[in-house]
Amino acid sequence: MHSFRYHQGELFAENVPLQSLAEKHGTPLYVYSKATITGHFTRLDAALGKLNHLICYAVKANSNLAILNTIAKLGGGFDIVSAGELYRVIKAGGDAGKCTFAGVGKTRDEIEFALQHGIYCFNAESEAELRYINQVAGDLGKKAPVAVRVNPNVDAKTHAKITTGKSENKFGIDFDQILDVYSRVAAECPNLVIKGLQMHIGSQLTNVDPFLEAVQKVVPLVKQVKERHGIEFFSIGGGIGINYRQSLDSGDHAWWEKNAETHPLTVQAYAEAVVPHLEPLGLRILCEPGRFMVGNAGVLLTKVLYEKRGSAKTFKIVDAGMNDLIRPTLYEGWHQITPLKQPADDTLEKVDVVGPICESGDFLAQNRDIPLVKEGEYLAVLSAGAYGFTMASNYNTRPMPAEILVDGDKATVVRERQTLDDVLKGEHIA
Ligand code: LLP
């Protein structure tokens, strides 16, 4: 479900025509819909309603302060992976006491920062890390809340670069080692408080089966850890996939629901599969959705600069590049591309939509049938709300795009476009 629709031939975000934003703020430009984020949060919250649960939004998907603030106001917690993300959460009005801190390589500074702000829990990924957190907590005279991430060795059947729950991945501790690690830590680390167990098998899962397999495999382990160490939560991680192929038909807001059967992973299907296994645990259940919350809540607007007809291909050269949205080239990510003004002619042409970066991998789409768009016209790259801006860079000394949050009729600049001086800030000639 999202709030991007054509109305009288023009693409809108909620009640705001996107062309007006592109003209006013320039491109490349990220635009987010607040109603979409709120809708996603509320639907997931309702689907997990039977459980004592906390949604810890994975900040890495989109860490703009306005988005964090939106989620904080809905009562959400946050899954963070750095002190920087915790800093953002706090600045956005989020509650550190609802933050879990994931990641395989936490530093002393980060552990101290998190302890000082009273985070809910560290999700530790190795015994060495647990022992280090114990040491840092001891130095500060504090007790550190910890959970251990189990690697359940389940194939998430997603892109190799976003699979995390197999033994060959660097994440978590092997299933067979978990109980011993808990026992050793409980006996030898007096500054740790064992609070939970966590897992996360991968991202952009479009089928419920791997989730179910992982939950069924890990639940008996959770029971054992609960009996021995009296934990209070089990986090099932994130990973709920989104539909990257959208309908933008005007008025048809229920399209996604109506077509749910062609999209195997709805939150209802997800909840129906996992909740019955989780409820009897009698624990607080955490989940860490990133993409589900914001992916379809954001678009990247870009202008067609030039057209080039080569012997092999036609290129639409646009002003957004792989530095603005890296997913197509890094993960073979498929993002729907559509004009902001629907052409009268519904002819499609096969093109590569490419950016200005000096790399052959700089494309937003390849061999894609899109409507006829001319130089100077605008395109929207859809489903760009997750891992879009947060993975953007200044490669080729390109300033980071601006970000806009739309709420009904209102569009707010929630991050200004970088200036060249912003990009060069902190650099000196020796
Ligand atoms: N929890 C943990 C421990 C994670 O590592 C992740 C994502 C999440 C939750 C959130 O997963 P989600 O619900 O968004 O699938 N940049 C890639 C995705 C990387 C995901 C990394 N971890 C992409 O653009 O597809």
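Keep in mind it's a predicted model, so treat the numbers as computed, not measured. (Residues numbered from 1 in each chain as written. Predicted model: local features only at pLDDT ≥ 70, side-chain atom pairs only at ≥ 80, totals over all residues. Heavy atoms only, no water.)

As a matter of local geometry, the ligand sits amid 19 residues, with Ser203, Glu288, Arg327, Tyr331 and Tyr387 nearest to it. One of the side-chain nitrogen or oxygen atoms of Ser203 is found 2.4 Å away from an oxygen atom of the ligand. Contact distances for the ligand include 2.9 Å between an oxygen atom and a backbone N or O atom of Gly290. Contact with the protein chains removes 92% of the 590 Å² of surface that the ligand exposes when unbound. Looking at which domains feed residues into the shell around the ligand, each of domain 1 (34-292) and domain 2 (296-424) gives three or more. (Near = heavy atom within 4 Å. Polar contact = N/O pair within 3.5 Å; in protein donor to acceptor, adjacent residues only side chain to side chain. Areas by Shrake-Rupley, 256 points an atom, 1.4 Å probe, with all protein chains shown as cover. Domains from an automatic or database assignment.)

What follows concerns the domain arrangement of the protein. When its domains are assigned, the protein resolves into domain 1 (34-292) and domain 2 (296-424). Computed over C-alpha atoms only, the centres of domain 1 and domain 2 are separated by 31 Å. At the interface, 23 residues of domain 1 touch 23 residues of domain 2. At the boundary of domain 1 with domain 2, total buried surface from both sides reaches about 2200 Å², with 54% on carbon and sulfur atoms. By the criterion of area lost to domain 2, the three top residues of domain 1 are Lys34, Tyr244 and Arg291, representing 26% of everything that side buries. Counting across the domain 1 and domain 2 interface gives 1 salt bridge. (Contact = heavy atoms within 4.5 Å. Buried area = accessible area lost by both parts, 1.4 Å probe. Salt bridge = Lys/Arg side-chain N within 4 Å of Asp/Glu carboxyl O.)

Under the defined criterion, the tally for this structure stands at 6 aromatic pairs. Taking 6.2 Å as the distance between ring centres and 20° as the angle between the ring planes, the aromatic pair formed by Tyr30 and Tyr32 counts as stacked. One exposure class covers both Tyr30 and Tyr32, and it is buried. Centre to centre, the rings of Phe211 and Tyr270 are 4.9 Å apart; their planes meet at 80°, and the pair counts as edge-to-face. Pair noted here: Phe211 is in helix H8 (residues 209-229) and Tyr270 is in helix H10 (residues 267-278), with a separation of 59 residues, a long-range link. (Phe/Tyr/Trp six-rings, centres within 6.5 Å; stacked < 30°, edge-to-face > 60°. Buried < 20%, exposed > 50% of the residue type's maximum accessible area, 1.4 Å probe, protein only. Helix = DSSP H or I, 4+ residues; strand = E, 2+ residues; numbered from the N terminus.)

One pass over the structure, following the stated rule, counts 17 salt bridges. Across the pair Arg149 and Glu125 runs a salt bridge whose closest N-O atoms are separated by 3.1 Å. With Arg149 in strand E9 (residues 144-151) and Glu125 in the loop between strand E8 (121-124) and helix H6 (127-140), the pair connects residues that are 24 residues apart, well separated along the chain. Take Arg149: its relative accessible area is 6%, and that puts it in the buried class. Judged by relative accessible area, Glu125 falls into the buried class, the value being 5%. One salt bridge in this structure joins Asp369 and Lys350, with 3.4 Å as the shortest N-O distance. Of this pair, Asp369 sits in strand E18 (residues 363-371) while Lys350 sits in strand E17 (residues 348-354); the two residues are 19 residues apart in sequence, bridging distant segments of the chain. According to the relative accessible area criterion, Asp369 is partly exposed, its value standing at 42%. One salt-bridge network, held together by shared partners, links Glu127, Arg131, Arg184 and Glu188.

This paragraph deals with H8. With 21 residues, H8 should reach 30 Å at 1.5 Å per residue; the first-to-last C-alpha distance of 30 Å fits that figure. For H8, the principal kink sits at Val218 and spans about 30°; a proline, Pro220, occurs within the next four residues. Turning to H8, its buried residues number three or more, namely Pro210, Phe211, Ala214, Val215, Val218, Val219, Leu221, Val222, Val225 and His229. Buried positions along H8 lie against E9, helix H7 (178-188), strand E11 (192-198), strand E12 (233-235) and H10. Among the residues trailing H8, Gly230 stands out with phi positive, at a value near 60°. (Expected span 1.5 Å × (residues − 1). Bend = angle between axes of the 7 residues up to and from the residue.)

This part takes up the packing of helix H2 (residues 34-47) against helix H3 (residues 65-73). Where H2 meets H3, the axes come as close as 10 Å, and the angle between the chain directions of the two elements is 40°. Considering their axes alone, H2 and H3 lie oblique with respect to each other. Crossing of H2 against H3: the hand is right-handed. From H2, Lys34, Ile37, Thr38 and Phe41 reach across to H3, where they touch Ile67, Thr70 and Ile71. A per-class count over the contact of H2 with H3 returns 4 nonpolar, 2 polar and 1 charged. (Axes fitted to C-alpha atoms, helices over the stretch in contact; angles between N-to-C directions. Parallel < 35°, antiparallel > 145°, perpendicular 65-115°, else oblique. Left-handed = near helix turned anticlockwise from the far one by under 90°. Nonpolar A, V, L, I, M, F, W, Y, C, P; charged D, E, K, R; others polar.)

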